[in-house]
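# Descriptive analysis of the structure
Spelled out from the first residue to the last, the chains are:
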Amino acid sequence: MRFYQVDPVLENYWRGIILFGKNVASYKFALASALYDLKRDSSDLILLEDLAVPFSEHLCRHLQHAPKQITSKNSQYLAACAQFNANEITPDELRAITVRRGFNNVIDAFHIVNNGEIEKRFFIDERKTHKGIRLTENFHHLTERPQFRNLIHETDARWNLVEQAWAMGVSRNLIAVEYGEDDQQLFSIHNDRRVAIASCRDSLNGYQKGHCFYCYAPISLDAGHEGLADVDHFIPWMARKSVENINGVWNLVLACKGCNRGKQGKFAHVPSLNLLKRLHSRNEYFINSHLPLRETLIRQTGKTEAQRSDFLNKVWNTAQQTLIHQWEPQAAGPDIF
Ligand SMILES: [Zn+2]
């Protein structure tokens, strides 16, 4: 079993905040999204007055499709955002309310993950002295990382998953997440209707961190980008007759085009045993995080880690019997997962 929290790169601390924080409200997502929107050339000191605009915009945008943005019964601040959406208050009024109430819990809590503060800070609280927060070097470095654009997508995907769970009135760990081939969305069934949750790419990338599952080459989540990741079936689709639930999240990874359908690509070959171990670690990562994929993976592959590794091994051998050929690409970068 590999440990996956030791990777010291900066974006993983940020991911810790977004993916592993226990959410009682969506304010962390709104704050992260607001920070993404800041102009790079601006000063390190961000006045609450300025932060209030993108922060409330993101919340208002999410409130439009997901009225439940908090686990407690009500929030005066969110009520104000809803009023703004209904044209009952002006942008200036919303901004003033946001400065007064919007940041009360989120600035303190932002760097807390699993009851402890993470060791890298992305901003310092200067509300008392300067009416704002001060961005740190860490934040600036984060924006320069090649992964930065992917974080924007991941944050919104995570936000969608969490609010979907609240909308369904269940613990987010209890949602069964399924994958829709045609539109590459994760969805769940609610009252017999299919509810889109998030882009499958954005959700899976939390583990792969912008790199191909097989060869570690960089991949992108931006639609239209030439390096846009393919959502790939680890056990090839060709084996679907003998392998149950081949479309399950347990079997989906992000791959570069070269690995998925390039000259030396995988096609209907079975990934090597080495890669199967990597898949197991990936699934365990999702199970140990608070992602809603947890219950889904447990349901699909087993209650204990031993059962799950047994499941993968059986399925792999079944596929191997029919497809015969094994495959593993040349690594295109260091083995970061
Ligand atoms: Zn690849």
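Residues numbered from 1 in each chain as written. Predicted model: local features only at pLDDT ≥ 70, side-chain atom pairs only at ≥ 80, totals over all residues. Heavy atoms only, no water.

### Focus on the coordination of the zinc ion
Protein coordination at the zinc ion comes from Cys212 (SG), Cys215 (SG), Cys256 (SG) and Cys259 (SG), with a distance range of 2.3 to 2.4 Å. In this structure, the zinc ion is surrounded by 4 donor atoms whose angles at the metal cover 106 to 113°, and the resulting shape is tetrahedral. A relative accessible area of 13% means that Cys256 is categorised as buried. The exposure class assigned to Cys259 is buried, which follows from its relative accessible area of 5%. (Donors = N, O, S within 2.8 Å, 3.2 Å for Na, K, Ca; no water. Tetrahedral: all angles 85-135°; square planar, octahedral: opposite > 155°, others 65-115°. Buried < 20%, exposed > 50% of the residue type's maximum accessible area, 1.4 Å probe, protein only.)

### Here's the deal with the layout of surface pockets
Each pocket or cavity is described by its volume, and for the second largest pocket that value is around 340 Å³. Together, 18 residues line the second largest pocket, and Pro146, Gln147, Lys209, Gly210 and His211 are the ones closest to its centre. Mapped by element, the contributors of at least two residues to the lining of the second largest pocket are helix H1 (10–20) and helix H9 (148–167). Here the lining of the second largest pocket is built from residues that sort into 5 nonpolar, 7 polar and 6 charged. Counting residues domain by domain, the lining of the second largest pocket receives three or more from each of domain 1 (2–143) and domain 2 (148–327). (1 Å grid on protein atoms, 1.4 Å probe; cavity = no way out; pocket = protein on both sides within 12 Å on 5 of 7 lines; lining within 4 Å. Points joined across faces, edges and corners; volume = space filled by probe spheres on them. Helix = DSSP H or I, 4+ residues; strand = E, 2+ residues; numbered from the N terminus. Nonpolar A, V, L, I, M, F, W, Y, C, P; charged D, E, K, R; others polar. Domains from an automatic or database assignment.)

### Describing the pairing of strand S9 (residues 230–233)
Burial of the side chains of S9 extends over both faces: Asp230 and Asp232 are buried on one face and Val231 and His233 on the other. In terms of strand pairing, S9 meets strand S10 (residues 252–255) through 4 bridges, oriented antiparallel. From the neighbouring strand, Val231 faces S10, where its bridge partner is Leu254. (Pairing = 2+ DSSP bridges.)

### As for the nonpolar core
Within the largest apolar cluster, 48 residues are counted, with the highest numbers of intra-cluster contacts made by Trp14, Leu31, Leu35 and Phe55. The greatest single-element share of this core, amounting to 8 residues, is contributed by helix H2 (residues 27–37). When residues of this core are sorted by domain, at least three fall in each of domain 1 (2–143) and domain 2 (148–327). Apart from the residues within four sequence positions on either side, Trp14 is in contact with Ala32, Leu35, Tyr36, Phe110, Phe122, Phe139, Leu142 and Leu151. Listed in part, the 46 residues of the second largest apolar core include Tyr207, Ile219, Val231 and Ile298. (Core = buried A, V, L, I, M, F, W, Y, C linked by side-chain atoms within 4.5 Å. Contact = heavy atoms within 4.5 Å.)

### Here we look at H9
Here H9 spans 29 Å end to end across 20 residues, near enough to the 28 Å set by a 1.5 Å rise per residue. The buried fraction of H9 is high, at 15 of 20 residues. (Expected span 1.5 Å × (residues − 1).)

### A closer look at the pattern of salt bridges
Oppositely charged side chains can form a pair if their charged atoms are brought close together. As enumerated under the stated definition, the model contains 13 salt bridges in all. The partner of Arg61 in a salt bridge is Asp156, and the shortest N-O contact between them spans 3.3 Å. Taken as a pair, Arg61 in helix H3 (residues 48–65) and Asp156 in helix H9 lie far apart in primary sequence, 95 residues in all. For Arg61, a relative accessible area of 34% translates into the label partly exposed. Between Asp232 and Lys266 there is a salt bridge, with the nearest N and O atoms lying 2.9 Å from each other. A residue pair is termed long-range when its members are at least 10 positions apart, and Asp232 in strand S9 and Lys266 in the loop between helix H11 (257–261) and strand S11 (270–271) qualify at 34 residues. (Salt bridge = Lys/Arg side-chain N within 4 Å of Asp/Glu carboxyl O.)

### Observations regarding the sheet that holds strand S4 (residues 123–126)
Read from one edge to the other, the open sheet built from 3 strands follows the order S1-S5-S4, with strand pairing classed as antiparallel. Each end of this open sheet is capped by a strand with a single partner; those strands are strand S1 (45–47) and S4. In this sheet, adjacent strand axes meet at a mean angle of 25° when their direction is disregarded. (Axes fitted to C-alpha atoms, helices over the stretch in contact; angles between N-to-C directions.)

Nothing here speaks to function; it is geometry throughout.
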